[in-house]
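# An overview of the molecular structure
For reference, the chains in residue letters:
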Amino acid sequence: MPGGPINAQACSVPVAPSAPLRRLTRFEYNNTLRDLASITDNPANAFPSEESGNGFGNDAAAQSVPDILAEKYISTAANIASTLTQPANVGNLAACASAPAVSDELTCVRSVIDGFVARAYRRTVQPAEADGLAQLFQKVRVKETFTSSLAAVLEAVLQGPDFLYKPEFGEPVPGRTDVLRPTGDEMAVRLSYLFFGSMPDPVLKQAAASGELQTPAGVQTQARRLLADPRARQVTAFFFDNLLPIAALSALERDKTLFPAWNAKIGSLLRQETQTFLDREIFEGPGTWPGMFTAKYTYMNDELAAYYGVAGVSGSSFQQVALDGLKRGGLLTQGGMVSGPIHSNQTNPVTRGALIVKKLLCQSIPLPTGGVLAQVKVPEPTSAPTARERFSAHSSQAACAPCHSNLDPAGFALENFDAVGQWRDQENGVTIDASGNLPLVGAFSGPVELGQRMAESPEAAQCFSRRWMEFGYGRVAGERDACALKSTGEKFKAGGYNIKELLVELTQTDTFNYLPAVRE
Amino acid sequence: MNILGKNKMHRRTLLTGAGSIAIALPWLECMGEKKLAHAQAGTVAKRFLSVYQPGGTIADQFWPSGTPDAPVLSPILKPLESVKSKLLVLRGLDMACAVGEQHQAGIIGFLTGSTQGAEKPGLTDGGYSYYPSIDQVIATKISKNIKAKASLQMAVRWATGVSHGLLHPINAANFEDSAQLSPIPPRLDPQQIFDDLFGTLTPAVAPTPAANSAPLERRKSILDFVIGRYAEVSTRLGPIDRAKLEQHLTKIREIELGLSRGPVGSATCRAPVRVDTAGYNPATGLNSNEEGSIVDISTDSLIPTVGKFMMDMMVMALACDITAVGSLQWSDTEAKHTFPWLNLTTHHHAYQHDDSPEGIAACAKIGTWYSEMHNYLLSAMDLVDMGGHTLLDESVVFFGSELSVSPTHAKNNMPFLLAGRGGGLRGGRLAVFNSTSHNNLLVSILNLFGDPRTSYGDPQFCTGALSGIA
C-alpha cells in the first residue's frame with residue numbers, strides 16, 4: 001500500500017540518502033529576491049503552476065521545465081536586472097556602479113560579482129566563473145552602455161542554474177566512501193530554505209565559512225537559531241495552509257437563508273483562528289502535535305467569539321479563550337477544520353473523514369475505479385434525516401464498504417458541526433449519533449473524543465513527522481527515507497512529540513547531513 | 001469588441017496595423033504560403049488546435065440525426081450550424097486507453113492514447129502519461145524551431161479542485177515530446193498572454209518587457225553565457241539531475257533560435273484588441289479546495305469574456321505564425337466552478353454526478369454553451385483569409401472531453417469533433433465507427449500532418465488509422 005508503512009528493517013546498514021537537484025519554488029524565488037535585492041512584488045507569481053507532487057508543490061521529482069517557465073525565467077530576470085540598475089538603485093549593487101569612469105568599470109563589475117553575484121549563487125564565486133561573467137560584461141559593453149552591460153551580467157546570473165537551482169557537489173567525509181557531505185555553503189542553503197524558505201542570512205554564511213556546519217551538532221545550533229526567527233513562522237504557516245483545509249475559507253459558499261451568520265469575513269477569521277492557534281502553540285506554547293488535538297482553548301477575537309456564541313471576548317485582536325472540552329476542544333473542533341472540507345450546505349462525513357485518514361494518518365485510500373466506480377452513487381440529500389443514515393446506506397454496500405469503513409467513522413464523529421462549523425445536537429429533528437470506531441485509532445463518541453484518540457495515536461504522530469519530512473526535503477518519502485522516517489519518528493516520540501524539536505530533528509538525519517557519493 | 005468582427009478579415013488587413021514599422025522578411029515568408037486554388041486536398045495540414053471541454057455530454061442531446069453524409073445537428077451541436085460544412089462529427093470512438101482514475105485517466109489519455117502512469121509512492125493521485133501528447137508531436141514536426149513558439153497552451157478557470165491551482169494528473173492534457181512523464185502547465189493569465197504574444201506590437205497599449213526590446217546581440221550574448229553555464233553544471237551531476245538541467249537547457253536553446261528567426265512582435269502583425277478582464281483572477285485555482293466549496297463569483301462570471309479573449313489570441317497566434325500548434329482547456333476535469341451567466345450556481349462537477357432531470361438539464365445547457373464557444377473559435381478561424389483559403393481550411397481542430405456521458409463518467413462513444421480542412425479532412429459529415437479505440441483517431445490526425453506512422457500511444461489500444469477521415 002503506497003501510503004502504508006515503509007520498510008525500515010535495514011536501518012542498521014547505512015543507506016546513501018537521496019539528494020535530488022532542487023529548483024527554487026515560486027515561494028522560495030519570491031523570498032530569495034526579497035532577501036537578495038529587496039524585490040517585494042513577488043515576481044514568481046507570474047510563473048506557471050508547480051506540479052502538486054508531494055502535496056506541497058516542492059517535489060524535486062516533479063520539476064520539469066515547460067516552455068513558458070523557461071521564457072518567464074528569462075523575462076523576469078531581465079525585468080529585475082533592469083530594476084536593479086536604475087539610477088536610484090544601481091548604487092546598492094556597489095557604490096562604484098553609479099557612474100564609474102571607463103577605466104574603473106571592470107573593477108566595479110568585479111566587485112558586483114564578489115558581492116551581489118556571490119549572494120545570488122549562495123556561495124563563493126570561483127575565479128574562473130568571475131572571469132566568465134566579466135567577459136560577458138566586456139562583450140556586451142562593446143555596443144551597450146555600462147549600465148546595460150552590468151544589467152546583462154545580472155540577467156545572466158538570475159536565469160542561470162547557480163541561482164535557480166540548488167546544485168550540491170559535496171565534499172568527502174573521512175572514513176566514508178558511500179556518501180559525501182554538503183559543503184558549508186551547501187548546508188547553509190539546506191538550512192535556510194528549510195526554515196526561511198529563502199537564502200542564507202549573514203550569520204549562517206559565517207557559520208558555513210567557519211566550518212561550524214560540518215557536524216550535526218553545529219547544524220543543530222544553527223537550526224535552533226533559525227527556528228527562533230520570525231521567518232520560520234511563515235514557513236510553518238505555509239506548511240499548514242497546504243496540509244489543512246483552511247487556505248481559502250473566506251471563499252466558502254453557503255446559503256444565506258440557512259446560515260445567516262456565515263460570511264466571507266467569518267471564513268477568514270476561522271482561518272486566522274487555526275493559524276494563530278498552531279503558531280502560538282508551536283512558538284510560544286507547549287507545541288506538541290498530540291496537544292493540538294486536546295487543547296482546551298483556542299483563539300478568537302470579538303467578532304469570531306460572537307459567531308461561536310462565546311461571551312466575554314472584546315477587541316479585534318485574537319486572544320486565548322478557554323473551551324469546555326465537551327463540545328469543543330482541540331484542532332479538529334475548530335470551525336475552519338470542519339467547514340473547510342464541506343462543499344455544500346449539507347455535511348459530508350466522507351470528505352471530513354478523508355482529511356483525517358488520508359492527510360493526518362497517512363493512509364492511502366484509492367479513489368474508486370472501474371467496476372466499483374460504476375456502483376458509486378452519492379446519497380440523495382433527502383434520503384434520510386441524518387448524514388450518518390444517508391451515507392451508511394450507501395457505504396455499507398459490499399463494493400464500497402472496504403474503503404468507507406476506514407473513512408466515514410472519522411467524519412461521523414464531527415457530525416455535531418454543521419456545514420459552517422456551528423454546533424448542533426440534531427439534524428432534521430433527529431439526535432445526532434457521533435460515535436464511531438476508526439480501525440487505526442479506536443472507538444470514540446463525539447469530536448472531543450476523536451481528538452483524544454488522535455492524540456494517543458502513534459500513527460497520527462508518525463504521519464505528522466512524515467508530512468514534515470516530505471515538505472522539508474521536497475520529496476515524497478520513499479524506501480530510501482525509511483531510516484530517516486524511523487529515526488525522526490523515534491526522536492519525535494522521545495521528545496514528547498514537540499514540533500519545534502521535530503523540525504530540529506529534520507536536520508539531524510543522514511538524509512539531511514549527507515548526499516550519495518554516486519550521484520543520481 | 002474583438003477583432004474578429006463580422007467582415008471577413010484579409011491577410012492584408014492583418015498587416016495594416018504595421019504602419020511604418022519595418023517588415024522582417026524572413027518571418028513574413030513563413031506567412032506567405034503559396035496561394036491554393038482550392039482547400040488543402042493533397043497537402044498536409046499546417047496548424048493544429050486541440051480544445052478540451054470538461055465533463056462529457058448528454059448523449060441523446062448530442063449525437064446528430066440524419067444520415068452520415070447529411071447529418072442534422074442535435075440541440076447541443078446546433079450552435080455549430082454555421083461551420084457545419086467544415087465539421088466532422090466522430091461517433092463510436094471509445095477512449096479505451098483511459099485506464100486509471102476516472103477523470104484523470106480521461107484527460108491524460110485524450111491527446112496521448114496512454115493509460116495513466118503508476119501512482120507515486122505515498123500518494124493516491126496517480127501518475128501522468130507514458131507518451132507525449134499529439135500536439136507536441138505535431139509541434140516538433142511543424143512548429144518547433146520554425147515558428148517563434150513551438151506551441152501554446154492556454155486554460156480558462158483551471159485547477160479548480162483537489163489540485164488547488166497546481167499542475168496535477170487531474171488537469172494535465174499536454175505532455176512534452178522531449179521528456180518522459182512531463183506534463184505542460186497551461187498559460188492562465190489573459191493579460192500576460194497578450195503581453196507575451198502581442199505586447200510589442202501595440203506599444204501604445206502594452207508595456208514592453210525589457211527582454212523583448214533589448215537589442216538582439218545583447219540578448220544572444222546573455223543566452224550564450226547562460227547556455228554555457230547550464231552545460232557546465234550539468235556535466236558535474238548524475239544522470240537524473242543532468243537530464244533535468246538538459247531539459248531546461250534545450251528550452252533555452254529553442255528560445256535562442258527563436259531570436260534569430262525574429263522575436264515575437266519584432267515583425268509586424270496586428271494584435272487582437274486587448275479585452276478588459278478586471279475581476280478575473282487567473283490564479284483563483286490556488287484558492288480552491290477538494291470539495292469545490294470555494295466559489296469565486298467574480299472570476300466565474302468572466303469565464304465567457306476571458307474565453308473569447310483567449311480564443312481571439314489563439315487565432316491570431318496561429319494566423320500570425322507565432323506558433324502552429326495550440327491547446328485550449330476549458331477548466332480541468334474537476335470543473336469545480338459555477339456558470340453564473342447560465343444561471344447555474346452549483347459547480348459543473350456536481351451537475352455531472354447528478355443524474356436527476358435537473359442535473360442532466362444543467363449538463364446539456366453547459367454542453368450547448370461550449371458548442372457556442374467552439375463555434376466562436378471555428379468561425380473566427382474561418383474569417384481569417386490566408387490567401388485564397390481560410391485559416392480553418394489549413395488547420396485541424398480536435399474538440400473533445402475526458403468522459404462521454406456526464407453522470408456515468410463512461411468513456412465509450414466519446415463526444416469528439418474534428419474541424420477544418422487541413423490535410424484534406426472532409427467535413428459536413430458524421431463518421432460512424434463501431435467501438436473503435438480513439439488511439440486510431442490520434443493516428444489519423446498525425447497522418448493529416450504528413451506523419452506516416454500507423455500506431456500511436458499505447459499499442460495495445462491501436463489498430464491503425466481510421467478510414468474515411470480525409
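Residues numbered from 1 in each chain as written. Chains lettered and ligands numbered in written order. Predicted model: local features only at pLDDT ≥ 70, side-chain atom pairs only at ≥ 80, totals over all residues. Heavy atoms only, no water.

Attention now moves to the nonpolar core. In terms of nonpolar packing, the biggest core is built from 95 residues, with A:L191, A:W289 and A:M454 touching the most fellow members. Contact partners of A:L191, with chain neighbours within four places excluded, come to A:L204, A:L213, A:V219, A:Q222, A:A223, A:L226, A:T507 and A:F512. (Core = buried A, V, L, I, M, F, W, Y, C linked by side-chain atoms within 4.5 Å. Buried < 20%, exposed > 50% of the residue type's maximum accessible area, 1.4 Å probe, protein only. Contact = heavy atoms within 4.5 Å.)

To continue, consider empty space enclosed by the protein. Unoccupied space between atoms shows up once a probe the size of one water molecule is rolled over them. Residue and element names in this part refer to chain A. On inspection of all chains with the given rule, the structure shows eleven cavities of 30 Å³ or more. The space that makes up the largest cavity amounts to roughly 180 Å³. Lining the largest cavity we find 19 residues, and of these R23, S49, E50, S64 and L69 sit closest to its centre. Of all the secondary structure elements, the ones that give two or more residues to the lining of the largest cavity are α1 (26-37) and α2 (67-84). A class-by-class count of the residues in the lining of the largest cavity yields eleven nonpolar, four polar and four charged. (1 Å grid on protein atoms, 1.4 Å probe; cavity = no way out; pocket = protein on both sides within 12 Å on 5 of 7 lines; lining within 4 Å. Points joined across faces, edges and corners; volume = space filled by probe spheres on them. Helix = DSSP H or I, 4+ residues; strand = E, 2+ residues; numbered from the N terminus. Nonpolar A, V, L, I, M, F, W, Y, C, P; charged D, E, K, R; others polar.)

Moving on to the confidence of the model for chain B. All names here are of chain B. Overall, the prediction assigns chain B a mean pLDDT of 83, with 82% of residues at 70 or greater. Across residues 1-41, where pLDDT falls below 50, the model places 72 contacts with residues more than four positions away in sequence or in other chains. Segment residues 262-268: pLDDT under 50, and 19 contacts once partners within four positions in sequence are set aside and those in other chains are kept. Here the predicted complex scores 0.74 on pTM and 0.86 on ipTM. (pLDDT = per-residue confidence, 0-100.)

Residues and elements named next belong to chain B. For R157, which is not glycine, the phi dihedral falls at a positive 45 degrees. As for its placement among the helices and strands, R157 is situated in the loop between β5 (152-156) and α5 (190-198). Backbone geometry at N413 places phi at a positive 55 degrees, although glycine is not the residue there.

What follows deals with the sheet that holds strand β2 (residues 179-181) of chain A. If you trace the three strands from one edge of the open sheet to the other, you get β1-β2-β9 (chain A), paired in antiparallel fashion. Looking at which strands have only one partner, the edges of the open sheet turn out to be β1 (171-172) and β9 (515-516) of chain A. (Pairing = 2+ DSSP bridges.)

Moving on, we come to the environment of A:L36. Residue and element names in this part refer to chain A. As for its placement among the helices and strands, L36 is situated in helix α1. For the pair L36 and R119, spaced 83 residues apart in sequence, the C-alpha to C-alpha distance is 7.0 Å. Leave out the neighbours within four places in its chain, and L36 touches F116, R119, A120, L158, F163 and M199.

Attention now moves to the interface of chain B and chain A. Taken together, the contact pairs 67 residues of chain B with 78 residues of chain A. Around 6,000 Å² of area is buried between chain B and chain A when both sides are counted, 58% of it from carbon and sulfur atoms. Note that A:E71 and B:R187 form a salt bridge whose closest N and O atoms lie 3.3 Å from each other. At the junction of chain B with chain A, the criterion picks out 18 residue pairs in polar contact (both at pLDDT 80 or more). Of all elements in the fold, only α5, α6 (210-213), α7 (216-235) and α8 (239-260) of chain B reach the threshold of two or more residues within the side of chain B that touches chain A. The dominant element in the side of chain B that touches chain A, judged by the number of residues it contributes, is α7(B), at twelve residues. A breakdown of the residues in the side of chain B that touches chain A according to their chemical character gives 28 nonpolar, 19 polar and 20 charged. (Buried area = accessible area lost by both parts, 1.4 Å probe. Salt bridge = Lys/Arg side-chain N within 4 Å of Asp/Glu carboxyl O. Polar contact = N/O pair within 3.5 Å; in protein donor to acceptor, adjacent residues only side chain to side chain.)

Turning our eyes to something else, we now look at the packing of helix α9 (residues 202-209) of chain A against helix α10 (residues 216-227) of chain A. Residue and element names in this part refer to chain A. α10 packs onto α9 with a crossing angle of 180 degrees between their chain directions and a minimal axis gap of 11 Å. When the axis of α9 is compared with that of α10, the two are roughly antiparallel. Taking contact as the criterion, the partners of V203, L204 and A207 in α9 are, on α10, Q222, R225 and L226. For the contact of α9 with α10, a count of residues per class yields four nonpolar, one polar and one charged. (Axes fitted to C-alpha atoms, helices over the stretch in contact; angles between N-to-C directions. Parallel < 35°, antiparallel > 145°, perpendicular 65-115°, else oblique.)

We now examine the sheet that holds strand β4 (residues 87-94) of chain B. All names here are of chain B. Taken in spatial order, the seven strands line up as β5-β6-β1-β7-β8-β4-β9 in an open sheet, and their pairing is mixed. Pairing within the sheet leaves two strands with one partner each, and these edge strands are β5 and β9 (429-437). Pairs of neighbouring strands in the sheet enclose a mean axial angle of 15 degrees, with direction left out of account. Where strand β7 (residues 395-400) lies against strand β8 (residues 416-419), three bridges are found, and the strand directions are antiparallel. Looking across to β8, one finds that V397 is bridged to A419. Lying on the sheet, helix α4 (residues 134-142) is in contact with β1 (47-52), β5 and β6 (325-330); it crosses β6 at an angle near 160 degrees. Strand contacts of helix α13 (residues 439-448): β1, β4, β7, β8 and β9, with the helix running at about 160 degrees to β7, the strand carrying the most contacts.

Consecutive side chains along a regular strand alternate between the two faces of the sheet. Residue and element names in this part refer to chain B. Among the six residues of β1, six are classified as buried, and the element is accordingly described as predominantly covered. Residues R47, L49 and V51 of β1 are buried on one face, and the alternating residues F48, S50 and Y52, pointing to the opposite face, are buried as well. Relative to β7, β1 runs parallel, the two sharing six bridges. Looking at β7, one finds that F48 is bridged to V396. Inspection of the sheet shows β1 paired to β6 by five bridges, in the parallel sense. Looking at β6, one finds that Y52 is bridged to Q329.

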